[in-house]
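Okay, here's what each chain looks like letter by letter:
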Amino acid sequence: MGIKELQKEIKKLLKEKNAILLVHNYQRPEIQDIADLTGDSLGLSIEASKTKAEIIVFCGVHFMAETASIVCPDKTVLLPVISAGCPMADMITTQSLVKKKRDLPGVPVVSYVNSPASVKAESDICCTSANAIQVVKSLGDYDTILMTPDRNLALYTQRYTDKKVVYWEGFCPYHDRLTAKQVRKVKNDHPKALFLAHPECRPEAIDLADEVKSTSGMLDYVRKAKHTEFIIGTETGIIHTLKTQNPDKVFIPADEKMICIDMKKINLTDIVNALLYISPVIKVAEDIRVRAMRAVERMLALPRD
Ligand code: 13P
Ligand code: SF4
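Notes on the structure in this doc start here. All values derive from a computational prediction rather than experimental measurement. (Residues numbered from 1 in each chain as written. Chains lettered and ligands numbered in written order. Predicted model: local features only at pLDDT ≥ 70, side-chain atom pairs only at ≥ 80, totals over all residues. Heavy atoms only, no water.)

### Re the nonpolar core
Our working rule: Among buried residues, those of type Ala, Val, Leu, Ile, Met, Phe, Trp, Tyr and Cys that are joined through side-chain atoms within 4.5 Å constitute a nonpolar core. Throughout, exposure labels follow a simple rule: accessible area from a 1.4 Å probe, protein chains only, divided by the maximum for the residue type, with under 20% read as buried, over 50% as exposed, and the rest as partly exposed. In this text, helices come from DSSP runs of H or I with a minimum length of four residues, and strands from runs of E with a minimum of two, each type numbered from the N-terminal end. In this description, contact between two residues means that some pair of their heavy atoms is separated by no more than 4.5 Å.
Ranked by internal contacts, the top residues of the largest apolar core, which has 74 residues, are Ile10, Leu21, Ile56, Val57, Met147 and Ile271. When residues of this core are assigned to their parent elements, the largest contribution, six residues, is made by helix α4 (residues 62-71). For Ile56, the contacting residues outside a window of four places in its chain are Ile20, Leu22, Ala48, Thr51, Ala68, Cys72, Lys75, Thr76, Val77 and Leu78. By size, the runner-up hydrophobic cluster in this structure holds 18 residues, among which are Tyr156, Leu178, Ala193 and Ile252.

This is the structure in structure tokens:
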């Protein structure tokens, strides 16, 4: 089947099975184009928590499907390719976090949603790239916090708080590869362009940013901006939607090699098969889910900016 037929088949199956297709902003263009909702980790978690559909087909990576399973245990959550993971989420284990908590008694743990459900279960509150500063501010009574697993998100958050942010040594291999030297080179080639960076980028890249935003934050910003040229400091998959929504604006990847292999694993045929066979299902064990839910709910309860 060609792309159009596969897309049509997916639409038909979604209807028949009372399913919803949630798609992250980094997914392949032909998947983003048929999504019921495209978004960042925060937007997709909120949608998952509200949906009336019986089945959630999550086109993203493992931790995102797990988050959907945490917030809606009565729904069937499908991740069309089970091996679509997140290398950053794999840089932390529950055992190592439990040990770190022993070394830092009384220090609250803020875990980025890019973490396993079992790590969320050991955390006080979750955050995403869209709300990390707000989450840390909500922990008013503490002067020290532990942020896991992204070192760069923690260092970015540290800029906006007087609290001491102790951080985990995890990172996204694709965002962390963006150097100041590379950003300067692209800026030099496109002197009129604004540079938008994701908080997973290194501090040296963040220092050169005109704006620091989550993926959906970037989409919102560009839609409203009068400016017409942008250097995009995140995974290049977002450029498809940026171009679709803003056909008159120009987008330059900060580094063409910022391509997350895991985010590209799912294709249209995988989605058809997931819907036909209702597999692979992502289900978080109930004892872990209940504890992880507290951290996710605490985040979702915060007012949105
Ligand atoms: P967003 O929540 O900003 O979409 O980021 C998710 C992610 O995995 C970034 O690498
Ligand atoms: Fe994980 Fe980075 Fe891929 Fe996002 S882009 S899913 S943080 S590896």
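### Regarding the environment of Gly43
Following the sequence through the fold, Gly43 ends up in helix α3 (residues 41-50). Sequence separation between Gly43 and Ser216 is 173 residues; the distance between their C-alpha atoms is 8.0 Å.

### Some thoughts on helix α12 (residues 238-245)
Rules: Directions from the helix axis toward the C-beta atoms define the arc.
Of all the residues in α12, the buried ones are Ile238, Ile239, Thr241 and Leu242. Within α12, the buried residues cover an arc of 160° as seen down the axis, which keeps them to one side.

### Overview of unusual backbone geometry
Cis geometry marks the peptide bond from Thr148 to Pro149, where omega comes out at -20°. Turning to its location among the elements, Pro149 is positioned in the loop between β7 (144-148) and α8 (151-158). Cis peptide bonds are those with omega within 30 degrees of zero, and the linkage from Ser279 to Pro280 qualifies with -5°. Inspection of the secondary structure assignment puts Pro280 in the loop between α13 (268-277) and α14 (286-300).

### A short note on the environment of His190
In this fold, His190 is placed in the loop between α9 (180-189) and β9 (194-197). Exposure remark for His190: the relative accessible area of 25% places this residue in the partly exposed category. Note: C-alpha distance between His190 and Ser41 (149 residues apart in sequence) is 30 Å.

### Comments concerning the sheet that holds strand β5 (residues 109-112)
Quick note on the threshold: Two strands qualify as a pair provided DSSP detects at least 2 bridges between them. For helices, the fitted line uses only the C-alpha atoms of the stretch in contact; every axis is such a line through C-alpha atoms, and the angle between N-to-C directions lies from 0 to 180 degrees.
Read across the sheet, four strands follow the order β6-β5-β7-β8 without closing on themselves; strand pairing throughout is parallel. Each end of this open sheet is capped by a strand with a single partner; those strands are β6 (125-127) and β8 (164-167). Across the sheet, the mean angle from the axis of one strand to that of its neighbour is 30°, orientation sign disregarded. By the bridge criterion, four bridges tie β7 to β8 in an arrangement that is parallel. Along β8, the bridge assignment pairs Thr144 with Lys164. Strands β5, β6, β7 and β8 of the sheet are contacted by α8, whose axis makes an angle of about 175° with β8.

### Brief notes about the sheet that holds strand β10 (residues 211-212)
Taken in spatial order, the four strands line up as β10-β9-β11-β12 in an open sheet, and their pairing is parallel. The open sheet has two edge strands with one neighbour each: β10 and β12 (250-253). Both β9 and strand β11 (residues 229-233) contribute to a ladder of four bridges, which runs parallel. Across the sheet, the residue bridging to Leu196 is Ile232, located in β11.

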